[in-house]
Amino acid sequence: SRDGDLARLADGTGAAFAVWEVMGRDAHQIWLRDRWGATMSWLAAEPVEARTRLLFGSLVAARTGRMPLAYRLLLPGHRVYARALLRSAARRLPTSNHRSVRRRV
């Protein structure tokens with residue numbers, strides 16, 4: 001992935017970044033799917049008073065109506081990984097209060 005790809009994704013002109021494809025977006029949110037259709041991510045920014053709340057969601061897709069055993073076994077690790085990524089991102093924000101990262105599972 002190149003910085004230019006990320007900048008285009010951020011400004012609304014890009015349709016892909018690394019393995020992610022844009023499935024939909026509006027002014028405050030974006031829905032991404034990996035090129036294999038196995039995982040999806042939702043990112044949003046929500047104004048709250050003089051601050052901005054960042055929101056994130058992820059989904060592991062079941063293709064046949066039931067998630068394969070391997071995916072079900074890996075799901076707890078995915079949750080831990082997603083929370084670790086959020087905490088890491090929150091710490092890097094200039095006015096970050098990483099205690100405000102809440103779990104919504």
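Refer to the structure presented above.
Worth saying up front: this structure is predicted, and the values here are computed from it rather than measured. (Residues numbered from 1 in each chain as written. Predicted model: local features only at pLDDT ≥ 70, side-chain atom pairs only at ≥ 80, totals over all residues. Heavy atoms only, no water.)

1. Brief notes about helix α2 (residues 69-92)
Thinking step 1. Helix length check: α2 (24 residues) gives 35 Å between terminal C-alpha atoms against 34 Å at 1.5 Å per residue, within 8%.
Thinking step 2. Taking the largest bend as the criterion, α2 deviates by roughly 40 degrees, centred on L75, and proline P76 comes between one and four positions later. (Helix = DSSP H or I, 4+ residues; strand = E, 2+ residues; numbered from the N terminus. Expected span 1.5 Å × (residues − 1). Bend = angle between axes of the 7 residues up to and from the residue.)

2. Considerations on the layout of surface pockets
Thinking step 1. The volume enclosed by the second largest pocket comes to roughly 160 Å³.
Thinking step 2. What lines the second largest pocket is simply A38, T39, V60, Y71, L74, L75 and H78.
Thinking step 3. Top element by residues in the lining of the second largest pocket is α2. It accounts for four residues.
Thinking step 4. Of the residues in the lining of the second largest pocket, the class split is five nonpolar, two polar and no charged. (1 Å grid on protein atoms, 1.4 Å probe; cavity = no way out; pocket = protein on both sides within 12 Å on 5 of 7 lines; lining within 4 Å. Points joined across faces, edges and corners; volume = space filled by probe spheres on them. Nonpolar A, V, L, I, M, F, W, Y, C, P; charged D, E, K, R; others polar.)

3. Description of the side chain of D34
Thinking step 1. Tracing the backbone through its elements, the reader meets D34 in strand β3 (residues 29-34).
Thinking step 2. A polar atom in the side chain of D34 sits 3.1 Å from the backbone nitrogen of A38.
Thinking step 3. Polar contacts involving the side chain of D34 include one to the side chain of T39, which spans 2.6 Å.
Thinking step 4. Not counting the four nearest positions on each side in its chain, D34 is found in contact with V19, W20 and T39. (Polar contact = N/O pair within 3.5 Å; in protein donor to acceptor, adjacent residues only side chain to side chain. Contact = heavy atoms within 4.5 Å.)

4. A closer look at the pattern of salt bridges
Thinking step 1. Inspection of the entire model under this criterion finds three salt bridges.
Thinking step 2. With a closest N to O distance of 2.7 Å, R8 and D5 form a salt bridge. In this pair, R8 and D5 are both assigned in helix α1 (residues 3-11), three residues apart and thus about one turn of the helix distant.
Thinking step 3. Judged by its relative accessible area of 35%, R8 is partly exposed.
Thinking step 4. Residue R33 is joined to E21 by a salt bridge in which the shortest nitrogen-to-oxygen separation is 3.3 Å. In this pair, R33 sits in strand β3 while E21 sits in strand β2 (residues 20-26), placing the two residues twelve residues apart along the sequence.
Thinking step 5. For R33, a relative accessible area of 26% corresponds to the partly exposed category. (Salt bridge = Lys/Arg side-chain N within 4 Å of Asp/Glu carboxyl O. Buried < 20%, exposed > 50% of the residue type's maximum accessible area, 1.4 Å probe, protein only.)

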